[in-house]
Amino acid sequence: MDGFVSIRNLKKFYGEFCALKGINLDIAEGEVICIVGPSGSGKSTLIRCINRLEGFEDTSEIVVDGIPVMPGKSLAKVRAEVGMVFQSFNLFPHLTVRRNVMLAPSRVRGLSTTEATDRANFLLERVGISEQADKYPEHLSGGQQQRVAIARALAMEPRVMLFDEPTSALDPEMVGEVLDVMKDLAGTGVTMIVVTHEMGFARQVADRVIFMDGGEVIETGKPDEIFSNPQEPRTQNFLSAVLNH
Amino acid sequence: MEIIDTFFNVEVLLRTYPLMLKGLWITIKLGVVSIIAGLALGLVLALIRLYAAPPVQLLARIYIDVFRSLPLLVLLIIVYYALPFVGISMSSFWSAMLALTLVSGAYMAEIFRAGIQAIPKGQFEASQALGLGYRHMMVDVILPQAVKIVIPPLTNNSINVVKDTALASVVAMPDLLKQATQAQALAANPSPLILAAAIYVAILWPLVAAVSRMERRLGAGER
């Protein structure tokens, strides 16, 4: 196993349909990866396998920081180390913003209320939401909700952060504020795996860009290589479709 | 005047009302205990039905369907008159409480299940992704939201439990209805029965109105 996150022969079926056709991928600690590609290419499925929100074939293997992503005790450890941000935020609507951030550290990490409160306040400050801490999620804009979701994931002090199209459900004017938080985060050394349609973000922030299509990794490389000089015809077609309009 | 003397006879009511109060107290005690036990049983059944191993799920499902098909009065009579034949005999209070709980638990289970299933998948996924275990996920995230949705139907079901306590008079439990029929026999006047009816309505009307209010508010919220 070479990577901090190591994926070997990852296969996933939905009935007869093969969503992932044997993915191999190694991700180094601290690396920022952007996964791009057309809808239905398996990008989201891939990152949802990393914390096993999606099950996968027994012959496939994913290891995060030396811990196999298998059902049972080790899965709890993996999930405590891997944070996730969803397209639709998925904040807990019955809890205030601060309580959303405090819940997992107090229940999973065993932090006292004071410690969890301090951590939540610090993180909400960091994502620029400290003034909304006592509000309920429904009273926040989409961009604010997504920043809270990032703070909530960070409260577990994860080694890896997964982002599943974090700006796709946002009004255009709110995309920037979320991407700014993610850019700051990329500078802190946390490993990030980002599924995104924001090519500008991928170009600017990613250490490596992965292009997926039809359940396979088609091409991978530095952002400059992928965006300026793609080798594969499918990558070329996709990029010319998303960049030239 | 004859109608008032027959149905609202003040003298009879004054004479019998201590008896009625005793009956009312038993009715309330039976209702509250059965509702609480039914809620607990219903929640456990709903969780088993949704998340247990498949064969156990099937058992919960059979239980729920059987006890929703069985008339409460039949169950009550079996518990009170048939179980003593196998050495299980309970007072009329506990017989009634058991029968009410077994049946209301089945209905409550279906209500809880509907509530849990109405919670978006993203709430479960976010909980799991944060590393919350099953117990914390349910207690801290899913159930608080699910219960809030199903408070109106749970209240409805609780109203039914209180109404059904009247069936316990069949197994000689001195509840409100039983005391009323006895008072009626003693006084040779039906006024106590009318009073009993009025008391049931007085207790339950506020709850019925509260459910309507909650349903109206939820309906308005959706729009």
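Residues numbered from 1 in each chain as written. Chains lettered and ligands numbered in written order. Predicted model: local features only at pLDDT ≥ 70, side-chain atom pairs only at ≥ 80, totals over all residues. Heavy atoms only, no water.

Description of the overall build of chain A
For clarity, the threshold we go by: Put simply, DSSP marks the helices as runs of H or I at least four residues long and the strands as runs of E at least two long, and each gets a number from the N terminus on. C-alpha atoms define the radius of gyration in this analysis, and the globule rule sets the expected value at 2.2 Å times the number of residues to the power 0.38. Note on contacts: a residue pair qualifies if any of its non-hydrogen atoms lie within 4.5 Å across the two residues. Positive charge is attributed to Lys and Arg, negative charge to Asp and Glu, and no charge count is given to His or to the chain ends. Every charge is mapped to an atom, namely NZ of Lys, CZ of Arg, CG of Asp or CD of Glu.
Regarding its fold elements, chain A presents nine helices and ten strands. Taking 2.2 N^0.38 as the reference for a compact globule, 245 residues should give roughly 18 Å; the C-alpha atoms of chain A span a radius of gyration of 18 Å, in line with that estimate. If one aligns the C-alpha atoms of chain A with their principal axes, the spans along those axes are about 55 × 45 × 35 Å. Within chain A, contacts between residues at least 6 apart in sequence are counted, and of these 64% link residues at least 24 apart. Both charge centroids of chain A, one from 25 positive and one from 33 negative side chains, sit 5 Å from each other.

Quick notes on the UniProt feature "domain: ABC transmembrane type-1" (unreviewed entry) in chain B
Worth spelling out the cut-off: UniProt positions are given in the numbering used here, feature names are shortened, and annotations may be inferred rather than shown by experiment.
Per the UniProt record, the feature "domain: ABC transmembrane type-1" (unreviewed entry) sits at residues 24-212 of chain B. Structurally, residues 24-212 of chain B comprises 82% helix and 0% strand, and the distance from its first C-alpha atom to its last is 25 Å.

Some points on the side chain of B:T101
Locating B:T101 in the fold gives a position in helix α5 (residues 92-117). Setting aside its immediate chain neighbours within four residues, B:T101 contacts B:S34, B:A37, B:G38 and B:L41.

Here's the deal with the interface of chain A and chain B
Stated precisely, the cut-off is as follows: Note on terms: buried area is the combined drop in 1.4 Å-probe accessible area of two parts once they are placed together, counting the loss on both. What makes a salt bridge here is a side-chain nitrogen of Lys or Arg within 4 Å of a carboxyl oxygen of Asp or Glu, nothing more. Counting of polar contacts relies on pairs of N or O atoms within 3.5 Å, with two restrictions inside protein: one atom must be capable of donating a hydrogen and the other of accepting it, and residues adjacent in sequence are counted only when both atoms are side-chain atoms.
The interface of chain A with chain B comprises 20 residues on the first partner and 16 residues on the second. Carbon and sulfur atoms supply 63% of the area buried between chain A and chain B, which totals about 1500 Å² over both sides. If you look at where chain A meets chain B, you find two salt bridges. Notably, a salt bridge pairs A:R48 with B:E125, separated by 2.6 Å at the nearest N-O pair. Our count for the chain A to chain B interface comes out at six residue pairs in polar contact (both at pLDDT 80 or more). Of all the secondary-structure elements, those providing two or more residues to the side of chain A that touches chain B are α2 (73-81), β6 (82-85), α3 (97-108) and α5 (142-154) of chain A. A per-element tally of the side of chain A that touches chain B places α3(A) first, with four residues.

Looking at the sheet that holds strand β8 (residues 191-195) of chain A
Residue and element names in this part refer to chain A. What counts is decided by this rule: Note on pairing: DSSP must find at least two bridges between two strands before they are called paired. Helix axes use the C-alpha atoms of the stretch in contact, all axes being lines fitted to C-alpha atoms, and the angles between their N-to-C directions lie in the range 0 to 180 degrees.
The strand order across the open sheet formed by six strands is β6-β7-β8-β3-β9-β10, and the pairing between neighbours is mixed. Strand pairing shows two members of the sheet lacking a second neighbour, β6 and β10 (216-221), which therefore form its edges. Neighbour-to-neighbour, the strand axes of the sheet open up by a mean angle of 20°, direction not taken into account. Here β6 runs beside strand β7 (residues 160-164); their pairing, made up of four bridges, is parallel.

Here's the deal with the pairing of β8(A)
Residue and element names in this part refer to chain A. The condition is simple: Working definition: with a 1.4 Å probe on protein chains only, accessible area under 20% of the residue-type maximum means buried, over 50% means exposed, and in between means partly exposed. With its strands directed away from the observer, a crossover is right-handed exactly when the path from the first strand over the helix to the second travels clockwise.
Counting buried positions along β8 gives five out of five residues, so the element sits mostly inside the fold. Neither face of β8 is exposed, since T191, I193 and V195 on one face and M192 and V194 on the opposite face are all buried. Note: strand β3 (residues 32-36) against β8, four bridges, orientation parallel. Directly across from I35, in β8, lies its bridge partner V195. Relative to β8, β7 runs parallel, the two being bridged by five bridges. Across the sheet, the residue bridging to D164 is V195, located in β8. As a crossover connection, the stretch from β7 through helix α6 (residues 172-186) into β8 is right-handed.

Notes on helix α3 (residues 54-69) of chain B
Residues and elements named next belong to chain B. Condition: For a helix, the expected span equals 1.5 Å multiplied by the residue count minus one. Directions from the helix axis toward the C-beta atoms define the arc.
With 16 residues, α3 ought to run about 22 Å at 1.5 Å a step, and its terminal C-alpha atoms sit 23 Å apart, in line with that. Burial in α3 covers these residues: A60, Y63, I64 and F67. An end-on view of α3 places all buried positions within 95° of arc, on one side of the element. Of the residues in α3, the exposed ones pointing more than 90 degrees away from the buried face are P54, P55 and S69. Of the surrounding elements, those touching the buried residues of α3 are α2 (10-51), α4 (72-82) and α5.

A few points about the environment of A:E173
For A:E173, the position within the fold is in helix α6. Considering only alpha carbons, one finds A:E173 and A:G143, 30 residues apart in sequence, at a separation of 8.7 Å.

Describing the packing of helix α6 (residues 121-129) of chain B against helix α7 (residues 134-164) of chain B
All names here are of chain B. Formally: Orientation labels follow simple angle bins: below 35 degrees gives roughly parallel, above 145 gives roughly antiparallel, 65 to 115 gives roughly perpendicular, and whatever is left gives oblique. Handedness of a crossing is defined here by the sense of rotation of the near helix relative to the far one, left-handed for an anticlockwise turn of less than a right angle and right-handed for a clockwise turn. Here the term charged refers only to Asp, Glu, Lys and Arg, the term nonpolar to Ala, Val, Leu, Ile, Met, Phe, Trp, Tyr, Cys and Pro, and the term polar to all other amino acids, Gly among them.
One can describe the packing of α6 onto α7 by two numbers: an axis separation of 10 Å at closest approach and a directional angle of 165°. One element, α6, and the other, α7, form an angle in the roughly antiparallel class. The element α6 and its partner α7 pack so that their crossing is right-handed. Touching Q123, F124, S127 and Q128 of α6 are M137, V141, I142 and Q145, all from α7. Considered class by class, the residues forming the contact of α6 with α7 number four nonpolar, four polar and no charged.

A short note on the pattern of salt bridges
Applying the stated rule across the entire model yields 20 salt bridges over all chains. A:K183 is the salt-bridge partner of A:D180, the closest N and O atoms lying 3.9 Å from each other. Residue A:D180 and its partner A:K183 are located together in helix α6, separated by three residues, close to a single helical turn. For A:D180, a relative accessible area of 42% translates into the label partly exposed. The shortest N-O distance in the salt bridge between B:R15 and B:E11 comes to 3.9 Å.

Things to note about the packing of aromatic side chains
The criterion, for reference: Planes of paired rings set the category: under 30 degrees apart is stacked, over 60 is edge-to-face and the rest tilted, where pairs are Phe, Tyr or Trp rings (Trp by its six-membered ring) whose centres lie within 6.5 Å. Placement of a positive charge over a ring is assigned whenever Lys NZ or Arg CZ falls within 6 Å of the ring centre and within 35 degrees of the normal to the ring plane.
Taken as a whole, this structure holds five aromatic pairs over all chains when the rule is applied. A ring pair is formed by B:Y80 and B:Y81, whose centres lie 4.9 Å apart and whose planes are at 85°; its orientation type is edge-to-face. Judged by relative accessible area, which is 44%, B:Y81 ranks as partly exposed. Across from the ring centre of A:F56, 4.4 Å away, lies the NZ or CZ of A:R52, which sits over that ring. Looking at A:R152, its charged tip hangs above the ring of A:F92, at a distance of 4.5 Å from the centre.

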